[in-house]
Amino acid sequence: SGAVIGTDTITIDNTSPVEPASAANIAVSELMYHPAAPTAAEVAAGFTDDDAFEYIELMNIGTNPVDLTGASFTSGIAHALPAATVAPGARVVLARNRAAFLSRHPGAAASLLAGEYGVGTGNKLDNGGEGVVLADALGADIRRFSYGDSAPWPSAPDGGGPSLTLISPASNPDHSVAANWRPSTAAGGSPGGSDATTFGGTAGADADGNGLDDLLDYALGHAAGSTAGLPALSVAGGVASLSFRRNLAADDVVFRIESPTDLAAWSAAPATLASQVAVGAGVVTETWSIPLVSGERLFLRVVTSN
């Protein structure tokens, strides 16, 4: 008759080391949302559309294997992920067109998930930026963020060759913050792997005798003995522009632009990325804009830490 006749409580323990995909263990680590145009050889092979080379990379940032079963992209693209288990620290790739992807990235075959999300359809990532949602089997967000193709987002991934790459994905950064993304160091990206490097010098030392800390040399992408790309300041139209070099692969270095209130206590300056211009393999010159307040002095510094 619908009356409650009793209650009980049971405890269910998961004895398997495998976890379902969640915001705690899966990062969207790389987006190739606007690939470079196909080469003559790729056109001859039948791949005439640059969108065919799109891909999305996922990384297991947890400590246990992750089961992707039931997870799906519900915005940006619409696609249910295949049943697959991703080992801790491993990366897997979802391609829009498997054949096109493998023609450009044959070495990434082992990381490629079954299926594809866009052959013969309009199911693709927007070249101008859009919202992306990856949901779990119950519909809860694993990742929900929007990317862009212009400052403060890096513009090079918008058809210039590099992919949009999450900085230090293992640290579980906020995907919606533009400063947590960068261009890949090489055209085509690094699907299934990482292009990040690790500082191998000694902070506080000056191994090449150029008068700069080894960590700063690494952060700025210096060749031995170089001092290029040190911070430079210009002012125009009520805005200060601070420019300096940056080694894109140095994910283990944190850059901070700071200003003081009294030349003793420094804190984050209200800086906005205005542009990134490539100056070499994996090295860019970044320009940041800081608004000026009439009648007030502005002091700035760039801090690098590891």
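Provided above is the structure to which this section pertains.
Procedures and definitions
- Residues numbered from 1 in each chain as written.
- Predicted model: local features only at pLDDT ≥ 70, side-chain atom pairs only at ≥ 80, totals over all residues.
- Heavy atoms only, no water.
- Helix = DSSP H or I, 4+ residues; strand = E, 2+ residues; numbered from the N terminus.
- Pairing = 2+ DSSP bridges.
- Axes fitted to C-alpha atoms, helices over the stretch in contact; angles between N-to-C directions.
- Buried < 20%, exposed > 50% of the residue type's maximum accessible area, 1.4 Å probe, protein only.
- Contact = heavy atoms within 4.5 Å.
- Phe/Tyr/Trp six-rings, centres within 6.5 Å; stacked < 30°, edge-to-face > 60°.
- Lys NZ or Arg CZ within 6 Å of the ring centre and 35° of its normal.
- 1 Å grid on protein atoms, 1.4 Å probe; cavity = no way out; pocket = protein on both sides within 12 Å on 5 of 7 lines; lining within 4 Å.
- Points joined across faces, edges and corners; volume = space filled by probe spheres on them.
- Nonpolar A, V, L, I, M, F, W, Y, C, P; charged D, E, K, R; others polar.

Trainee: Any chance you could explain unusual backbone geometry here in plain terms?
Mentor: Where the residue is not glycine, phi is negative for most of them; where a peptide bond is considered, it is trans in most cases. Of note, the amide linkage connecting Ala 151 to Pro 152 takes the cis form, showing an omega dihedral of 10 degrees. By the element assignment, Pro 152 lies in the loop between β10 (141-146) and β11 (164-166). Although it is not a glycine, Ser 168 sits at a positive phi angle of roughly 50 degrees. Within the secondary structure, Ser 168 is located in the loop between β11 and β12 (181-183).

Trainee: Would you take a moment to explain the sheet that holds strand β18 (residues 283-291) for this structure?
Mentor: Two orientations exist for strands paired in a sheet by backbone hydrogen bonds: parallel and antiparallel. The strand order β13-β14-β18-β17 describes an open sheet built from 4 strands, whose pairing is antiparallel. Strands with a single pairing partner mark the edges of an open sheet, and in this sheet they are β13 (232-236) and β17 (272-280). On average, adjacent strands in this sheet sit at an angle of 25 degrees to one another, irrespective of strand direction.

Trainee: Sorry if this is basic, but what is going on with the sheet that holds strand β3 (residues 55-60) here?
Mentor: Spatially, the 5 strands line up as an open sheet ordered β8-β3-β2-β11-β12, and their pairing is antiparallel. Lying at the two open borders of the sheet, with one neighbouring strand each, are β8 (91-95) and β12. Recorded for the sheet is a direction-independent mean angle of 25 degrees between the axes of neighbouring strands. As judged from the 5 bridges shared by β3 and β8, these two strands associate in the antiparallel manner. From the neighbouring strand, Ile 56 faces β8, where its bridge partner is Leu 94.

Trainee: Is there a simple way to think about the side chain of His 175 in this case?
Mentor: In this structure, His 175 sits in the loop between β11 and β12. The exposure class assigned to His 175 is buried, which follows from its relative accessible area of 3%. Apart from residues no more than four positions distant in its own chain, His 175 is found in contact with Ala 27, Val 28, Arg 143, Phe 145, Trp 153, Leu 166 and Trp 181.

Trainee: Looking at this structure, how should I read the packing of aromatic side chains?
Mentor: When we look at a pair of aromatic rings, we describe it by the centre distance and by the angle of the planes. According to the stated counting rule, one finds 7 aromatic pairs in the structure shown. Feature note: the residues Phe 145, Trp 153 and Trp 181 constitute an aromatic cluster, connected by ring pairs. Positioned over the ring face of Phe 53 is Arg 104, at 3.7 Å from the centre of the ring.

Trainee: Explanation requested: the layout of surface pockets in the structure shown.
Mentor: Gaps left between atoms are located by rolling a probe of water-molecule size over the structure's atoms. Roughly 490 Å³ of internal volume is contained in the largest pocket. For the largest pocket, the lining is made up of 26 residues, of which Ala 179, Arg 246, Val 254, Phe 255 and Trp 288 are closest to its centre. Every element with two or more residues in the lining of the largest pocket is listed here: β12, β14 (239-247), β15 (254-260), β17 and β18. Here the lining of the largest pocket takes 4 residues from β15, the largest share from any one element. Split into classes, the residues belonging to the lining of the largest pocket amount to 17 nonpolar, 4 polar and 5 charged. Roughly 200 Å³ of volume is contained in the second largest pocket. When residues of the lining of the second largest pocket are traced back to their parent elements, those giving at least two are β15 and β18. Class assignment of the residues belonging to the lining of the second largest pocket gives a composition of 8 nonpolar, 3 polar and 2 charged.

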